[in-house]
Amino acid sequence: VTFLNGVTLRKGEVFGDSNELAMQRVQIRETIVSHFEKERELFARGIKTLSLFFIDEVAKYKSYNSEGEVEQGVFWKIFEEEYARLVADENHIWDEDYNEYLRLFMPQDVHRGYFSIDKKSNRVIDGKIEKKTGLSDDISAYELILKNKERLLSFEEPTRFIFSHSALREGWDNPNVFQICTLKHSDSTTQKRQEVGRGLRLCVNQQGNRMDAQTCGDTVHDINVLTVIASESYKTFVTDLQSDIKTMLYDRPLAAT
């Protein structure tokens, strides 16, 4: 695109305010947009849609003041600002059931943070990452997710956006994560594979039925699609991952006889 002042912008280029927080706001906004698109598609099928944010510091989502009271972090504030603005535009004709569902909850109701908890202070903290494996010790978060998995997949539970500090050791094993947003920088291929892996699951509906080929037929690939809203650090990772998959599948038959 060439502007009247002579400035030319090409795909992927930024002009003006390109600081990291501005880019992260764009990522959060695009995650919400993608979430609404997927949620509207799956709502009538009885499938709860979840989105997962990976952040590099718990304090950017939630912190405590000197009196021990919870304070909103920058990601908390940005999310609610963007959600409130975007949800106001989500009012499609002929889809009143979903419109009504969106109006049930306020922006502060739809997001939660799952982090490690300090046993002494009972406050959320950053999980530790093992240098050798790149794995996290977010055990408290892992147990919390397991205990609430069935409730989390119910439409009666308003939580649909989850903020997490790191990929969990045993895996954020929730089948209905359709969007993953990486608001952190990492050179660890293991960590990136873990993060993407949190969304590589066949989803389930409200009855707990797996939405696989046996249940959905040819639409299984349309339903089970993961969208990753990634930082620039993913560029090389994605290229290498696609190359690896292509190499592994090279000798595999393309069609069954």
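Since the model is a prediction, treat every value here as computed from it, not as a measurement. (Residues numbered from 1 in each chain as written. Predicted model: local features only at pLDDT ≥ 70, side-chain atom pairs only at ≥ 80, totals over all residues. Heavy atoms only, no water.)

Draft legend 1. Examining the overall build of the chain more closely. Scanning the chain for helices and strands turns up nine helices and nine strands. The proportion of buried residues among the 257 residues of the chain is 41%. Pairs at least 24 apart in sequence give 73% of the contacts found in the chain among residues at least 6 apart. Working note: accessible area of the chain is about 15300 Å², and carbon and sulfur atoms make up 51% of it. (Helix = DSSP H or I, 4+ residues; strand = E, 2+ residues; numbered from the N terminus. Buried < 20%, exposed > 50% of the residue type's maximum accessible area, 1.4 Å probe, protein only. Contact = heavy atoms within 4.5 Å. Areas by Shrake-Rupley, 256 points an atom, 1.4 Å probe, with all protein chains shown as cover.)

Draft legend 2. Just the packing of helix 6 (residues 189–197) against helix 9 (residues 234–249), in detail. As a packed pair, helix 6 and helix 9 sit with axes 11 Å apart at the nearest point and diverge in direction by 75 degrees. Relative to helix 9, the element helix 6 lies roughly perpendicular. Contacts between helix 6 and helix 9 involve T189, K192, R193, E195 and V196 from the first element and Y234, F237, L241 and D244 from the second. (Axes fitted to C-alpha atoms, helices over the stretch in contact; angles between N-to-C directions. Parallel < 35°, antiparallel > 145°, perpendicular 65-115°, else oblique.)

Draft legend 3. Representation of the environment of L241. Among the structural elements, L241 can be located in helix 9. Judged by its relative accessible area of 22%, L241 is partly exposed. In this structure the C-alpha to C-alpha distance between L241 and T189, which are 52 residues apart in sequence, comes to 9.5 Å.

Draft legend 4. Expanded view of the sheet that holds strand 8 (residues 177–183). If you walk across this open sheet you meet the five strands as 4-7-1-8-9, and the pairing is parallel. In this open sheet, the two strands that pair with only one neighbour each are strand 4 (111–114) and strand 9 (227–229). The mean inter-strand angle of the sheet, taken between neighbouring strand axes irrespective of direction, is 20 degrees. Relative to strand 7 (residues 161–164), strand 1 (residues 50–55) is paired through four bridges, and the arrangement is parallel. Its bridge partner being in strand 7, S51 is matched across the sheet by F161. (Pairing = 2+ DSSP bridges.)

Draft legend 5. Region of interest: the nonpolar core. With 27 residues, the main nonpolar core has I28, I32, F36, F53, F79, Y83 and F163 as its most contacted residues. Breaking this core down by element, the ones donating at least two residues are helix 1 (20–43), strand 1, helix 2 (74–87), helix 3 (96–103), strand 7 and strand 8. Counting residues in each nonpolar core, the second largest holds ten residues, with L50, L153, I162 and V177 among its members. (Core = buried A, V, L, I, M, F, W, Y, C linked by side-chain atoms within 4.5 Å.)

Draft legend 6. Spotlight on the environment of V14. With respect to the secondary-structure elements, V14 resides in the segment before helix 1. In contact with V14, other than residues within four places in its own chain, are L9 and M23.

Draft legend 7. Expanded view of the pattern of salt bridges. Summed over all chains, the structure comprises 13 salt bridges. Its salt-bridge partner being R25, residue E81 comes within 2.9 Å of it at the nearest N-O pair. Taken together, the residues span a long stretch of sequence, with E81 in helix 2 and R25 in helix 1 at a distance of 56 residues. R25 sits in the partly exposed class, given a relative accessible area of 25%. E195 serves as the salt-bridge partner of K184, at 3.7 Å between the closest nitrogen and oxygen. Linking K184 in the loop between strand 8 and helix 6 with E195 in helix 6, this pair joins segments that are eleven residues apart in sequence. Via salt bridges that share partners, R25, R29, E81, E82 and R85 belong to a single interconnected network. (Salt bridge = Lys/Arg side-chain N within 4 Å of Asp/Glu carboxyl O.)

Draft legend 8. Quick look at the packing of helix 1 against helix 3. Between helix 1 and helix 3, whose axes approach to 10 Å, the crossing angle comes to 125 degrees. Of the possible angle classes, the one that applies to helix 1 and helix 3 is oblique. The hand of the helix 1/helix 3 crossing is right-handed. Residues F36, E39, R40 and F43 of helix 1 pack against D97, Y98, N99, Y101 and L102 of helix 3. (Left-handed = near helix turned anticlockwise from the far one by under 90°.)

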